[in-house]
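Listed below are the residues making up each chain.
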Amino acid sequence: MIAAVVVALVGGGGAYAVSLLSGGGTQPHDVLPGSAIGYVRLDLDPAANQKLALFGIARKFTATKDSFRGEDPRTALFDLLNKNADTKINYATDVEPWLGSRIGVAVLPPAKGSEEPGFVGAIQVTDADKAKAGIAKIADGDKYGIAFREDYALIAATQAEVDQAAQAAPLADLPTFSDDLSALGETGVLSFWMDAGRVAQLAPQMAAQDPAALAQIKNVRVAGALRFDEGYVELAGISRGAKALEGMGEPEATGIGKLPASTVGAVSFSGLGDVVGKQWAQILKSADQAAGGGLQQFADQAQQQAGLALPADLVTLLGKNLTLAVDGTGLDSGQPKIGARIVTDPAKAQEVVGKIEKLLAGDGTGTGIPPIAKVPGDGTLVLASSQEYAAALAKDDGGLADDESFQLAIPDAGNVTAAAYVDLNKIEKLYLQNVRGEARTNLQQLRAVGISGTQSGGDASFSLRVLFD
C-alpha cells in the first residue's frame, strides 16, 4: 500500500512539486453524508510538510526515483489504475481538464429492504461541466447517479441515492467523526475512519455465532492515517469506545527501552495477564469456534500431565508486562541470544516455568529440552538462552532507549503499553546475502521498523513506522 501511494504521488515530481505545496481547501468529508459508517480519503494535495517528506523518501528508491519526469502525479495515478485496462480514455483530454486533487468514498448503511451497504464517491473537480462529460465517458454506458456539491462530484449507484447524499448533513458535522479526526492529528496523504460496531452488524453470521463479541465492539470507532516525515513513513491510528477494555485497569508502560542497546528485535505487551484472566471464558469460546475446538481439551491435558492450571498459571506467566528480546551478538555464529523479562511474582512464575518444562519434555521429568537461564528479581523474572544474557536483561537500564533509531521508531517509548521493534541495519547482512541488483539497493535503504500503542480505558492508539537511511 505504501509503495503504491508513493509511486502514484511522486510519479510526476519535478516541476509539479512546487504546485503541490499549496494544501488546504475542502475535504471529501465536507461533502459526503454524515450517515456514513466508513470513509476513505486520498489526498494528492496534503500539507507541505507531507509533500516535502514524501519526495525526499521517494528519491531513495529506484522505482520512484526514475519516475520523476515532471508530470502531474495524477497522471501517474491514472496510469497505475489503468495499467492493464482496455480503455479508450485519454487522460490529457478526458480527465485532466476537470480532475481535482482529492478523492473520498463513504460506506453507507444498507437501504431499507437491502442487506448490502451503499457507496458514495466524492471526486474533487475544477469544472463541473467538463467533469460530467468526462465521468460519463469513463463510465462507458454503465448506469450511475451524479450530483455536485461545492467543488466535488458525488457519484452513487442511482440518481436517487446521490441526490439524497448531496442534501444530507456532511460527515464533517458528525461529532464522533470530528472528535476522532481531531484526536488522530495530521491526516496525511491517506486517511480512513470506520464505525466498527455498525460495520460488524452487517455480518449476520457474526451476530448469530458470537453475539457477545459483537456487543463488545458495538461502540468502537477506528481512524487512521498514512503520513510522511523526514526519514520515515507512518501508519498511525486510534480506536475509541471499546467497552471490552474497560474495567481492566490501566496497563503500565512496557519498559522496552530498558533492553540492552545491542537488541536487534523486541516485542513487549502490558496488561495481557489481566485481559486473559478476566476474558478466559470468552477466549476459549472464540478460539474453539475459530479452530473447531481443542483449546479446552489442551488445558485439561496440561492440568493432568504437568499440573498446569489455566488460566491462573498463564496469567502469572504473562504478568503485568511481558517483553521478548533478541540480541545482535551471536547471530553471526548461529547461536542467537533470546530471552524474556516478565513483570510478575517471580516465585510463582518459576513454578509455572517448571510445569511447562515438564510438559514440553513429555515424560514429566523436564529433561531433554534446552536449559533455560532464570534470574528472579524484585517483582520480575528473566528467562533467557544463557545466564549471561539473562543478567543483561535483568538490568533496569540497558541503553536501548538512547538509540536514535529506536527513539524514532517508537515515539513516546516511555509511555506505550505495547511495542515491537526491529533494527534492520543490524541484521541486513543476514537477509541481503542472496539479494542482488535493484532489490538489494532498495532494501539497503530500510533502517528500522517500529510498532507501538497505548491503551487507556476504552481508547487506544497505535503507530507503525518504517524508517529509512
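Keep in mind that what you see is a predicted model, and the values were worked out from it rather than measured.

The rules behind each value
Residues numbered from 1 in each chain as written. Predicted model: local features only at pLDDT ≥ 70, side-chain atom pairs only at ≥ 80, totals over all residues. Heavy atoms only, no water. Helix = DSSP H or I, 4+ residues; strand = E, 2+ residues; numbered from the N terminus. Buried < 20%, exposed > 50% of the residue type's maximum accessible area, 1.4 Å probe, protein only. Contact = heavy atoms within 4.5 Å. Areas by Shrake-Rupley, 256 points an atom, 1.4 Å probe, with all protein chains shown as cover. Pairing = 2+ DSSP bridges. pLDDT = per-residue confidence, 0-100. Polar contact = N/O pair within 3.5 Å; in protein donor to acceptor, adjacent residues only side chain to side chain. Expected span 1.5 Å × (residues − 1). Arc of directions from axis to C-beta. Core = buried A, V, L, I, M, F, W, Y, C linked by side-chain atoms within 4.5 Å. Salt bridge = Lys/Arg side-chain N within 4 Å of Asp/Glu carboxyl O.

## Observations regarding the overall build of the protein chain
Regarding its fold elements, the protein chain presents 20 helices and 16 strands. Across the 469 residues in the protein chain, those meeting the buried criterion constitute 43%. Of the contacts formed within the protein chain by residues at least 6 apart in sequence, a portion of 68% connects residues at least 24 apart. Carbon and sulfur atoms make up 56% of the accessible area of the protein chain, which totals about 22,700 Å².

## Here's the deal with the pairing of strand β3 (residues 118-125)
Here β3 lies mainly inside the structure; 7 of its 8 residues are buried. In terms of strand pairing, strand β2 (residues 99-108) meets β3 through 7 bridges, oriented antiparallel. Paired with Gly104 across the strands is Ala122, a residue of β3. Sheet topology places β3 next to strand β5 (residues 152-156); 4 bridges connect them, and they run antiparallel. When the sheet's bridge partners are listed, Ala122 is paired in β5 with Leu154.

## As for the environment of Ala420
With respect to the element layout, Ala420 can be found in strand β14 (residues 418-423). With relative accessibility at 23%, the residue Ala420 sits in the partly exposed group. Sequence separation between Ala420 and Ser268 is 152 residues; the distance between their C-alpha atoms is 6.3 Å. Leave out the neighbours within four places in its chain, and Ala420 touches Ala266, Val267, Ile410, Val449, Gly450 and Ile451.

## Some thoughts on the confidence of the model for the protein chain
Taken as a whole, the protein chain shows an average pLDDT of 83; of its residues, 82% reach a score of 70 or greater. Note on residues 1-22: pLDDT under 50 across the span, and 62 contacts to partners over four residues away in sequence or across chains.

## Thoughts on the side chain of Asn321
Tracing the sequence through the fold places Asn321 in strand β10 (residues 321-327). On the basis of relative accessible area, Asn321 is assigned to the buried category, the value being 2%. A distance of 3.0 Å separates a polar side-chain atom of Asn321 from the backbone oxygen of Phe269. Those residues within four positions of Asn321 in sequence are excluded, and the remaining contacts are Glu252, Thr254, Ser268, Phe269, Ser270, Arg341, Ile342 and Val343.

## Overview of helix α16 (residues 346-361)
Every α-helix carries 3.6 residues per turn, so stepping three or four residues along brings you back to the same face. A rise of 1.5 Å per residue sets the reference length of α16, with its 16 residues, at 22 Å; its end C-alpha atoms lie 22 Å apart and thus fit the reference within 8%. For α16, the full list of buried residues reads Pro346, Ala349, Val352, Val353 and Glu357. Down the axis, α16 shows its buried residues gathered within 145° of arc, on one side only. Its buried side turned inward, α16 meets α15 (312-318), β12 (373-376) and β13 (380-384).

## With respect to the nonpolar core
Counting residues in hydrophobic clusters, the biggest one holds 23 residues, and the most contacted among them are Leu32, Val120 and Leu154. Within the residue set of this core, elements represented by two or more residues are β2, β3, β5, α8 (159-167), α9 (175-184) and β7 (221-229). Ignoring sequence-local partners within four residues, the contact set of Val120 consists of Leu32, Gly104, Val105, Ala106, Leu108, Leu154, Ile155, Ala156 and Ala165.

## Things to note about unusual backbone geometry
At the junction of Leu310 and Pro311, the peptide bond is cis and its omega measures out at 10° in the coordinates. Among the structural elements, Pro311 can be located in the loop between α14 (295-306) and α15. The phi torsion at Asp140 lies on the positive side, around 50°, for a residue other than glycine. Its relative accessible area of 66% is what places Asp140 among the exposed residues. Unusually for a residue other than glycine, Glu150 sits at a positive phi of about 55°. Mapping Glu150 onto the fold places it in the loop between β4 (145-149) and β5.

## Topic: the pattern of salt bridges
Counting across every chain of the model gives 14 salt bridges. Notably, a salt bridge pairs Arg221 with Asp180, separated by 2.7 Å at the nearest N-O pair. In this pair, Arg221 sits in strand β7 while Asp180 sits in helix α9, placing the two residues 41 residues apart along the sequence. With respect to class, Arg221 is no different from Asp180; both count as buried. Lys374 is paired through a salt bridge with Glu357; the nearest N and O atoms lie 3.4 Å apart. Taken together, the residues span a long stretch of sequence, with Lys374 in strand β12 and Glu357 in helix α16 at a distance of 17 residues. Members of the salt-bridge network, linked through shared partners, are Arg41, Asp43 and Arg102.

## Quick look at the side chain of Glu234
Locating Glu234 in the fold gives a position in strand β8 (residues 232-240). A distance of 2.6 Å separates the side chain of Glu234 from the side chain of Ser463, its partner in a polar contact. A polar side-chain atom of Glu234 sits 3.1 Å from a polar atom in the side chain of Arg465. Setting aside chain neighbours within four positions, we find Glu234 in contact with Ala225, Leu226, Arg227, Ser463, Leu464 and Arg465.

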